[in-house]
Every structure is written in C-alpha cells, then in structure tokens.
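Residue strings, one per chain:
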Amino acid sequence: MTSRKRIFDLLRTINIASCQCPAHGYRGNIQVSNATPLKDYAFEIKCSTVRYGLGVTREVGQDLVNLNAKNVCVMTDPNVASLSPMKAVLDSLTRNGINYKVYDKVRVEPTDSSFKDAIHFAKEGNFDSFVAIGGGSVMDTCKAANLYYSDPDAEFLDYVNAPVGKGKAVNIQVKPMIAIPTTSGTGSETTGVSIFDYEEIHAKTGISHNALRPILALIDPLHTLTVPEKVSNYSGFDIFCHALESFTAIPFTERGPAPANPALRPAYQGSNPISDVWARFCLQTLQKYFVRSVNNSGDVEARSSMHLAATIAGVGIGNAGVHLCHGLAYPIAGNVKSFVPEDYGSNPIIPHGLSVVMTAPAVFRFTASSDPEKHLEAASLLGADVTNAKRKDAGRILSDVILLYMDKLKIENGLKALGYTNDDIPDLVKGALPQDRLLKIAPVTQSEEDLSKLLEESLTIY
Ligand SMILES: NC(=O)c1ccc[n+]([C@@H]2O[C@H](COP(=O)([O-])OP(=O)(O)OC[C@H]3O[C@@H](n4cnc5c(N)ncnc54)[C@H](O)[C@@H]3O)[C@@H](O)[C@H]2O)c1
Ligand SMILES: [Fe+2]
C-alpha cells in the first residue's frame, strides 16, 4: 500500500511543478488530512502599525492621549537622552499633559544585568504604557521591561528563548508600547524580538514573542541626522544582512512541522513571497543610498530612505527570520575582548551590525547552492552585473559584491581585526549552537565543522 508520506511527497511535487506566483499558485504543501503536516504550508505576516514622516515624533503625545495613558515610562540611553530626538518626545508629552518618568540608563548592546536594571525601574513605577526612543538597544530593553513589569512574578529566564531559558509562552497582557527608532538598522520597532547578551554564556540570546511587538512605531527620519558615521555604517550593515538573510532563508514550505495550533507558528517562518518583496525593496534602497547615507550625515534623502529601509527589512525578518550571519554574530559580539569602536562610547563592544556582516561573505558562498538564482538576484539588486553569470558562481558573485560594500565603507578586515584568532573558533562555535532558532532558518543544514569553517574563512576577509 502506498504510504501517507509517499502521497504527501507526490502532492508536493505536483504543487511545486505548478504555477508558483503568489496570485495563482503559491499553495505550499497541500494538507491531505487534519494530521499535522511534516512541513508547514502557511505563513503569516505580522507587523506593528508603522507611521512614517519627517517630524512625526510630534504626534506621540496625542497617541498616548488616544490610548488613555496617564503615566508613561519613557526609556532611552544616556547619549540619546541629551539629543534632539528625546527633546521632541518630551515636548510632545508635555504639550499633551502626559505624566511620565524617564529611564535613561539603557546599556548600548544590553546584557541580562542591564535588562534587570530597567525591569527594576519599571516595577517601581505605576505605568500604563511605555515609550522607547533610541536604537535597538533601547527598544529591546523597553520590550523586556514591559514584559516583566506586566508579569511581576515571572523569573527572568522564564521567557528567554530555549534552550538558554524556558521559552515560556506569553499569556499575560503587556502594556501598550510605542517605539521610536533613532538608528537605521535593527527594525526592532516592528518585531516581537528582544535581544540581550547573556553574560554567563558570552553569547546573545533573546525573548521572542508576538506580545512584545510595539503597538505603534513612529519612523521619523529627522532623528537620523544626529547619528554619527560609525553608527550609521554598522547599523546599515544590519539592514543589509536582514534583507539578505530573510531573502535567502529556507522557504516556509520547507520548514516544519506545521504547528498543531496557529498560535504556535514561530515568528521566524522562512522566506515567503511577502517578505521577499520587502527584501528586494531593501536591497535596491541599499544600492542607491547606503554609501551616501554613511558619508554625508546631512543627506536627508539618503538617511530618510535608509530609515524606511530599516523598518521594511524589520517586517521581512520579523516574519521570515534571519539565519547564519546572525547566529554566528551572537557569540562574536558576546565574546568581545578589547575592541572599542568609534562613536559607541568607551566600553569594549562589537556593534551588532559589525558582528553580523563579518561572516556574510563566507555565509553566502556556503548557502548559494540552495538557490543560486535567488543569490544571483540579490547580487544584482546590490549592483552586480550578473548577465551571463553561471549558477555555480552565484556564491562567489554575491560574496564579491558584499565585500565591495564592506571595503568601500572601511569595515575592519575580518574577525582578526576584532581581536579573534584561530584558537577562539571552538568557543565561537559553542556560542552559535544554542541559536537553533536561527540556524534552522538557514537554507542548508550545517554541521559544527561547517560553522568552524565559516568562522575560519572570516578571520581575514580582504
Ligand atoms: N529586536 C530586534 O529585532 C533586533 C534586531 C537586530 C538587532 N537588535 C539589537 O539591537 C542592538 C543594536 O541596536 P542599534 O544598532 O540600533 O544601536 P544602539 O541602540 O546600540 O545604539 C548605538 C549607538 O548609537 C547612539 N545613537 C542612537 N541613536 C542616535 C542618534 N539619533 N543620534 C546620535 N547617536 C545615536 C547610541 O547612543 C549608541 O551609542 C543590539 O543589541 C542588537 O542585538 C535587535
Ligand atoms: Fe540584526
């Protein structure tokens, strides 16, 4: 008798052979019964409400009035606290008669201890809403503060992603949070993800749940005009990798199993026709504006476009996910030795965008065989001439165009320039392995040896 799996595979083959365009054909796997399919057949797109416009921060006070907010927790970092974006927020709150308290001690590249400090501050207040004004570090800290404020009895590791934490589902109601990004990079304003460095394991991990997603993101390009060159550079490479990784992620129909309950479908679902639209738009925007936006802080057109691209890439990653560059970046950032980047204060840190792009040339050489056409398309959207390119060269071609951007923007020459040697590779691999959530979104499976090789190839990149 023909097995169920055989029937299932046959139906999938027929489905793949038929029209795959979103309008007519993209049906993914066909369900043949109510049993949970081995692979997923559906994807969904979730996103915060996004409002974009020069100067739109002035509306935040009115938004809080509309939410009936009476006592707001405003979170920022010590640097942004003294800049014009913060002034714009507080002016709007004052104009609209909103009571607020400011927490301005967010750590750049937050840790579990810095999260706990912010959570403690939140628990001391009697807040009915949260506003984050800053980069990814601020928005992520604010999401965590909101979550543990709303569930005061929870242990810190309860909600942290497994296997580091317990990965508990969020079944409580968190308070409304408005996010106002001041860097152009993370896209955290649209995601339900909050990332921190877990000091005990020297690697980043996070909390990932739809409940953490801000209800509103105010995307105000005016804030980007004060962003220093290195921050604009490194956070731009965060957008760059978000777009490339979500575009090349495993197709959602290849990830499985389908969840028994739709509420359990993971945030990172794999590439899909909608997130591909965001990724393509971002790659084109990066080609046009990335270098311009870094080299000229007064270029409003370039900086505004990059600010929008960051949010758009956030919608892509928030639903499709990111894979190897991010999975490897978490231990790269977490094991920092003495690297102190310009424009980020005096603590040794490896800024997120820098940690992510370091392995990108090696990663895309490695993943290209999964879908050479898509890798070539990405290279072309970034400006490479792919006329007559051969499929077998897709990885090299995409890697070369990535290196061109890195070189143009004077990115450090590989992990060695950040203080790592060959001897550090086993620890870096050890730190990457718990990032299962990301590694399984890669379009090819990887062994520990593969991860070591990717890191070895990234020690020196030019
Ligand atoms: N939640 C997510 O979905 C997600 C996605 C990617 C990255 N992240 C996380 O986000 C963090 C990185 O965030 P980031 O790259 O946005 O930078 P950041 O928030 O760490 O800020 C970097 C530096 O820029 C300064 N800065 C911010 N805005 C400024 C402005 N307008 N003018 C002048 N200076 C300004 C800050 O004070 C800081 O010194 C990392 O911890 C990373 O892991 C989160
Ligand atoms: Fe990122």
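Reading the values: rules and limits
- Residues numbered from 1 in each chain as written.
- Chains lettered and ligands numbered in written order.
- Predicted model: local features only at pLDDT ≥ 70, side-chain atom pairs only at ≥ 80, totals over all residues.
- Heavy atoms only, no water.
- Patch = residues over 30% accessible without salt bridge, like charges linked within 9 Å, V, L, I, M, F, W, Y side chains within 5 Å.
- Areas by Shrake-Rupley, 256 points an atom, 1.4 Å probe, with all protein chains shown as cover.
- Salt bridge = Lys/Arg side-chain N within 4 Å of Asp/Glu carboxyl O.
- Helix = DSSP H or I, 4+ residues; strand = E, 2+ residues; numbered from the N terminus.
- Buried < 20%, exposed > 50% of the residue type's maximum accessible area, 1.4 Å probe, protein only.
- Contact = heavy atoms within 4.5 Å.
- Axes fitted to C-alpha atoms, helices over the stretch in contact; angles between N-to-C directions.
- Parallel < 35°, antiparallel > 145°, perpendicular 65-115°, else oblique.
- Left-handed = near helix turned anticlockwise from the far one by under 90°.
- Nonpolar A, V, L, I, M, F, W, Y, C, P; charged D, E, K, R; others polar.
- Domains from an automatic or database assignment.
- Buried area = accessible area lost by both parts, 1.4 Å probe.
- Polar contact = N/O pair within 3.5 Å; in protein donor to acceptor, adjacent residues only side chain to side chain.
- Donors = N, O, S within 2.8 Å, 3.2 Å for Na, K, Ca; no water.
- Tetrahedral: all angles 85-135°; square planar, octahedral: opposite > 155°, others 65-115°.
- Phe/Tyr/Trp six-rings, centres within 6.5 Å; stacked < 30°, edge-to-face > 60°.
- Lys NZ or Arg CZ within 6 Å of the ring centre and 35° of its normal.

A. Representation of a nonpolar patch on the surface within the structure. Taken together, the side chains of Leu 54, Leu 222, Leu 225 and Val 300 define a hydrophobic patch exposed on the protein surface, amounting to about 310 Å² of accessible area. For Val 300, the location among the structural elements is in helix 8 (residues 300-319).

B. Expanded view of the environment of Ala 279. In this structure, Ala 279 sits in helix 7 (residues 273-295). Its relative accessible area of 3% is what places Ala 279 among the buried residues. As a C-alpha pair, Ala 279 and Ala 333 span 54 residues in sequence and 25 Å in three-dimensional space. For Ala 279, the residues in contact, after removing those within four places along its chain, are Ala 243, Ser 246 and Phe 247.

C. Looking closely at the packing of helix 11 (residues 360-367) against helix 13 (residues 394-408). Between helix 11 and helix 13, whose axes approach to 8 Å, the crossing angle comes to 165°. Our classification of the angle between helix 11 and helix 13 gives roughly antiparallel. Where helix 11 crosses over helix 13, the two elements pack in a sense that is right-handed. On helix 13, the residues that touch Ala 360, Pro 361, Phe 364 and Arg 365 of helix 11 are Gly 395, Arg 396, Leu 398, Ser 399, Ile 402, Leu 403 and Met 406. Class assignment for the residues of the contact of helix 11 with helix 13 results in 7 nonpolar, 2 polar and 2 charged.

D. Spatial organisation of the domain arrangement of the protein chain. According to the domain assignment, the protein chain consists of domain 1 (55-219) and domain 2 (228-457). Once you take the C-alpha centre of each, domain 1 and domain 2 turn out to be 25 Å apart. Between domain 1 and domain 2 lies a buried interface of about 2200 Å² when both sides are counted; carbon and sulfur atoms form 57% of it. Viewed at the interface, domain 2 and domain 1 are joined by 0 salt bridges. Where domain 1 meets domain 2, there are 9 residue pairs in polar contact (both at pLDDT 80 or more). Sorting the residues of the side of domain 1 that touches domain 2 by element identifies strand 6 (193-198) and strand 7 (203-208) as the ones contributing at least two each. Here the side of domain 1 that touches domain 2 is built from residues that sort into 8 nonpolar, 11 polar and 6 charged.

E. Just the coordination of the iron ion (ligand 2), in detail. Protein coordination at the iron ion (ligand 2) comes from Asp 238 (OD), His 242 (NE2), His 326 (NE2) and His 352 (NE2), with a distance range of 2.1 to 2.2 Å. Considering all 4 donor atoms around the iron ion (ligand 2), the spread of angles at the metal, 81 to 167°, places the coordination shape in the irregular class. In primary sequence terms, the donor set of the iron ion (ligand 2) follows D-x3-H-x83-H-x25-H. Here His 352 lies in helix 10 (residues 352-357) and His 242 lies in helix 6 (residues 229-248), a separation of 110 residues in the sequence. You can call His 352 buried: its relative accessible area is 15%.

F. Quick look at the packing of aromatic side chains. The full count for this structure, using the stated rule, is 17 aromatic pairs. Measuring from ring centre to ring centre gives 6.2 Å for Phe 121 and Phe 127, while their planes differ by 20°; the resulting arrangement is stacked. Between Tyr 148 and Tyr 159, the ring centres sit 5.8 Å apart and the planes meet at 70°, which makes this aromatic pair edge-to-face. Linking Tyr 148 in helix 5 (residues 136-150) with Tyr 159 in the loop between helix 5 and strand 5 (177-181), this pair joins segments that are 11 residues apart in sequence. When its relative accessible area of 3% is taken as the criterion, Tyr 159 is described as buried. Across from the ring centre of Tyr 41, 6.0 Å away, lies the NZ or CZ of Arg 265, which sits over that ring.

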